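Coordinate inspection notes
In case you want the letters, here they are:
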Amino acid sequence: MSSKVLAGLCILVAVVCQVWSTPHRKQEDPSIAVLRPWQQSTETGGLKRVKRAWVIPPINTPENNKQIPKQLVQIKSDKREPGKVIYKLEGPGVDQDPRGYFEINEKTGLVTLKTMLDRESYSKFKLKAYALDLSGERLEDPTELEIIVLDQNDNRPVFTQPEYIGTVLEFSTPGTSVMQVTATDADDHETDNAILSYSIIRQDSIPPFHVNKTMFGIDNSTGVIFTRDVGLDSEIMEGFNLTLQVADMSGMGLTAYSTAIIYIKDINDNAPIFTPKSYYFEAAENEANFLVGTINATDIDEENTPNWRIKFNIIAGDPDGHFDVRTDSATNQGMVFVVKPLDYETVREYQLTVTAENEAPLSSKAPQIPLSSATVTITVLNQNEAPGFRSNPIKLSVAEGTPQGTVLARDIASDPDRQQLRYDIEYDPGEWLSVNSETGEIRANKMIDKKSPFLEDNVYRAEIRVSDTGEDRSTATATVEITVMETNDYPPVIFPLSGSVCSDPEKGSGLILSAVDMDQSPHGPPFYFNLFINTVTVNWTLVTLNGTHVALRLLRELEAGPYPISVRVSDSGQPTLSALYTVNVSVCQCDEAGDCRALLGALFAGRTGLSLAAVLIILGSVALLLLSLLIVAAVGQCRRQPLKQGLLGGSDDDIRDNVLNYDEQGGGEEDENAYNIDQLRNPDEVVPPLASALPRPKQPLRKDAPYNYPSPSYPRKPPTDPTDIEDFINDGLDAADNDPNVPPYDTALIYDYEGEGSLAGSLSSIASGSSDGDQDYDYLNDWGPRFKKLANLYDQH
């Protein structure tokens, strides 16, 4: 019995004794505790009001009491005469849930228990008692009445799990904690009814009867299971099945049972061992990634765990890494593979040393013995191997023009079996090559020609076959790729070879000179230009614009007139080729815009010394230009008169046979129907901005001679004797016919370049103007017979 219960009983006895010691008006039942909370005796025997802080001691009653109803206590008040006081009781167990446990006699104040109590459901009740007069008025303040239910050991302990599962490492030392089991008891934890005690009442090994020792123990109060002895070995037993008991009343009361299964967890305490330790296999040469054979090692640790799975390592006998030993995950065997082709002619037999170890490191509790090893002997089987080229494709670089018979390549193939080889050409579209059938030496069968139609991107391709002389003849084929290298065959060519510059160095940008080379890179640009004669450098200089263009400029002012300038140009080839050219430069008087003045003024100002015939030709050209201007002006004035339709209807001649293009004098830069200056430019030429802004001669391209070849020597000085003029003209005509840089022989020569912005219209074609279909040209008939043909032309459409 607890101390609190005893204290409550003592207080109750004291109160009862006090009640019985006071005078009584009426004999009361001695078996029932009578409480008078509303009065208290004094030394004089008088009555007075009880203090409000006064508390009635708790009333104890045991649970599970079957003597129902049971009278617990009686409350009385002396405030009124007996029969004139009404007693009331309220609170949980009376008029509140759970209802119906207690009741009070309204007249006598007797409190009665009406039903059996269960401490696990309700451990105590707090009620309030009232004393009322007959009118229902309270005689005193309510009094608190506490009823405590005393516990009885009526509940068994219960394990929290029906079965406990745990593990322990094999070879664990005694005292190693395995797991903890727990149980609960619904009885009062303040009493012995809920004090539990654990114990192991039975131990069975799995499989049974493998161990006779008591291997596990349990802490009585905490339920912790621990090891008690040595000898836990997973290779001998799988685990243990323990029967557990728990009892309340410190092990003397009610009991309950459960089961604990403890499995022994394997550790890597066993190293793998080879059985047997020697193996012999054969492997074919020249093959890879195939299985040679299997080797065996055993491990008694738990299967399919890192402690059981084996790793095989080759520690000797394979310096070049031809072999690999892989583990079969199902059987734990070692599979020997050839991962790199073998060569019978190099090594005919291998002796490998292979070791075995587990994936998990070996436990310190395992026997300390060396790693198990085995010897694997592999014999290489010989096979007839095909010959092979040392490189495929065989890449050769040969300069163009290489003569016939030149050796291009040697020692191009080999045979692994060291047999005699034979060579022959399988494909050679241009018959460039010859090959020695025994040595495989490749020679040029003809001169290497860069213009061969069989070149693709400067590469010539052929095929050579090699075969051995063994019984099982094997062959191989290789492609020969010959890259034809460019040689420096041609010097660069300068153009133009004539031009004009302003006599004042401050005006104009000089004469732009370009160079081209028929050779390809790296034998072409950049080009290097130099003035050939030192005395010329006093007045002239070359300014580099880019790798292909320079500007010929004056250093100081010179008189107008022609000046032959010698310029040497060199390419970037190896060896370097250069050429010397004479550039005929006309120094002229320029206007503020840097353009040369009128042709006659420049000629007379410069005292060029032209012959009389040349001057007459120039004057005739000017006269023809003026006449053309007058015709255009006249047509414009008469344009308003209607023209007849069908001017060409009465003529049998084709307009193309009657309208002749005698000269290119009137068009200037706007005349695009004659010759285009851009036709002289190389399509691949990059003209600098400065060069593109300079005036350039307008002349057509030659089609009867190569373009931009050096010009022949022209007669420089006119004859002094008039009888030699014919010879002078014939010599100039013959030089012009052989000059690739002048207009074709069947075109009119360009005598001058008018310049941009000419006021005269184009005379390259009469029909090149805008459509005149809506014009009337009848007025041309009134101009006389000279214009009748022109009127007939415009009358036909």
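Please read these numbers as outputs of a predicted model, since none were measured by experiment. (Residues numbered from 1 in each chain as written. Predicted model: local features only at pLDDT ≥ 70, side-chain atom pairs only at ≥ 80, totals over all residues. Heavy atoms only, no water.)

1. Thoughts on the overall build of the chain
Inclusion rule: Secondary structure elements are defined from DSSP: runs of H or I of at least 4 residues count as helices, runs of E of at least 2 residues count as strands, and each element is numbered from the N terminus. Throughout this description, buried means an accessible area under 20% of the type-specific maximum (1.4 Å probe, protein chains only), exposed means over 50%, and partly exposed covers the range between. Contacts between residues were defined by any pair of non-hydrogen atoms, one from each residue, lying within 4.5 Å.
What the chain contains, in helices and strands, is seven helices and 45 strands. Counting across all 797 residues of the chain, residues that qualify as buried make up 38%. In the chain, once contacts between residues fewer than 6 apart in sequence are set aside, the share between residues at least 24 apart is 67%.

2. Overview of the nonpolar core
Condition: Only buried residues count toward a nonpolar core. Its members are Ala, Val, Leu, Ile, Met, Phe, Trp, Tyr and Cys residues joined through side-chain atoms within 4.5 Å.
Grouped together as the largest cluster of nonpolar side chains are 27 residues, with contacts concentrated most on Phe529, Trp540, Leu552 and Val567. Counting only elements with at least two residues in this core, the list comes to strand 38 (493-495), strand 40 (511-516), strand 41 (528-531), strand 42 (540-544), strand 43 (549-554), strand 44 (561-570) and strand 45 (578-588). A total of five residues in this core trace back to one element, the largest contributor, which is strand 45. Every residue in contact with Leu552, bar those within four places of it in the chain, is listed here: Val501, Gly510, Leu511, Leu513, Leu531, Trp540, Thr541, Leu542, Ile565 and Val585. Core analysis: the next-biggest nonpolar cluster, separate from the first, contains 26 residues, Ile394, Val398, Ala413 and Ile448 among them.

3. Concerning the sheet that holds strand 34 (residues 433-435)
For clarity, the cut-off: What makes two strands pair is DSSP finding at least two bridges between them. Note on geometry: axes are C-alpha line fits, over the in-contact stretch for helices, and angles between N-to-C directions span 0 to 180 degrees.
Strand order across the open sheet formed by three strands is 31-35-34, with antiparallel pairing between neighbours. Unpaired on one side and paired on the other, strand 31 (407-409) and strand 34 mark the two borders of the sheet. Across the sheet, the mean angle separating the axes of adjacent strands is 35 degrees when strand polarity is ignored. In the sheet, strand 34 pairs with strand 35 (residues 442-444) via three bridges, with the strands oriented antiparallel. By the bridge assignment, Leu433 is partnered in strand 35 with Ala444.

4. Describing the pattern of salt bridges
Convention followed: Salt bridges, as used here, are contacts in which a Lys or Arg side-chain nitrogen is within 4 Å of a carboxyl oxygen on Asp or Glu.
In the structure shown here, the tally under the stated rule is 13 salt bridges. With a closest N to O distance of 4.0 Å, Glu146 and Lys124 form a salt bridge. Of the two residues, Glu146 is situated in strand 10 (residues 143-150) and Lys124 in strand 9 (residues 124-132); the sequence distance between them amounts to 22 residues. The exposure class assigned to Lys124 is partly exposed, which follows from its relative accessible area of 47%. Among the ionic pairs, Arg410 bridges to Glu441, the shortest N-O distance being 2.7 Å.

5. Looking at unusual backbone geometry
A cis amide bond links Asp97 to the next residue, Pro98, at an omega of -5 degrees. Looking at where Pro98 falls in the secondary structure, it is placed in the loop between strand 6 (86-90) and strand 7 (102-104). Cis geometry is adopted by the peptide bond preceding Pro575, which originates at Gln574 and carries an omega value of 0 degrees. Its location among the elements puts Pro575 in the loop between strand 44 and strand 45. A positive phi angle, near 60 degrees, is found at Phe171, a position not held by glycine.

6. A look at the side chain of Asn358
Where we set the bar: Here a polar contact is taken to be a pair of N or O atoms separated by no more than 3.5 Å, where protein atoms must pair a possible hydrogen donor with a possible acceptor and residues adjacent in sequence count only if both atoms sit in side chains.
Examined against the element boundaries, Asn358 turns out to sit in strand 27 (residues 349-358). Asn358 gets classed as buried once you look at its relative accessible area, which sits at 6%. A polar atom in the side chain of Asn358 sits 3.1 Å from the backbone oxygen of Asn307. At 3.5 Å, the side chain of Asn358 forms a polar contact with the backbone oxygen of Trp308.

7. Comments concerning the pairing of strand 36 (residues 459-468)
The element strand 36 is largely enclosed, with a buried count of seven among its ten residues. Strand direction decides the pairing type here: strand 33 (residues 421-427) and strand 36, joined by six bridges, are antiparallel. Within the sheet, the bridge partner assigned to Leu421 lies in strand 36 and is Asp468.

8. Structural notes on the environment of Ile315
Tracing the backbone through its elements, the reader meets Ile315 in strand 24 (residues 310-316). Taking C-alpha positions, Ile315 is 5.7 Å from Thr353, a pair spaced 38 residues apart along the chain. Once residues within four sequence positions are removed from consideration, Ile315 is found in contact with Thr353 and Thr355.

9. A look at a nonpolar patch on the surface
Inclusion rule: Only residues above 30% relative accessible area that lack a salt bridge enter a patch, with like-charged residues linked at up to 9 Å and the nonpolar side chains Val, Leu, Ile, Met, Phe, Trp and Tyr linked at up to 5 Å. Here the accessible surface of atoms and residues is derived via Shrake-Rupley with a 1.4 Å probe, and residues count as covered only by protein chains that are part of the display.
There is a patch of nonpolar side chains on the surface, built from Leu624, Leu627, Leu630 and Ile631 and spanning about 380 Å² of accessible area. Position of Leu627 among the secondary structure elements: in helix 3 (residues 612-637).

10. Here we look at the confidence of the model for the chain
To be explicit about the condition: On a scale of 0 to 100, pLDDT captures the predictor's confidence in every residue.
When pLDDT is averaged across the chain, the result is 76; 71% of the residues are at 70 or more. The model gives residues 40-54 a pLDDT under 50, and that stretch makes 22 contacts with residues more than four places away or in other chains. Counting interchain partners and residues more than four positions distant, the pLDDT-below-50 stretch residues 640-707 has 156 contacts.

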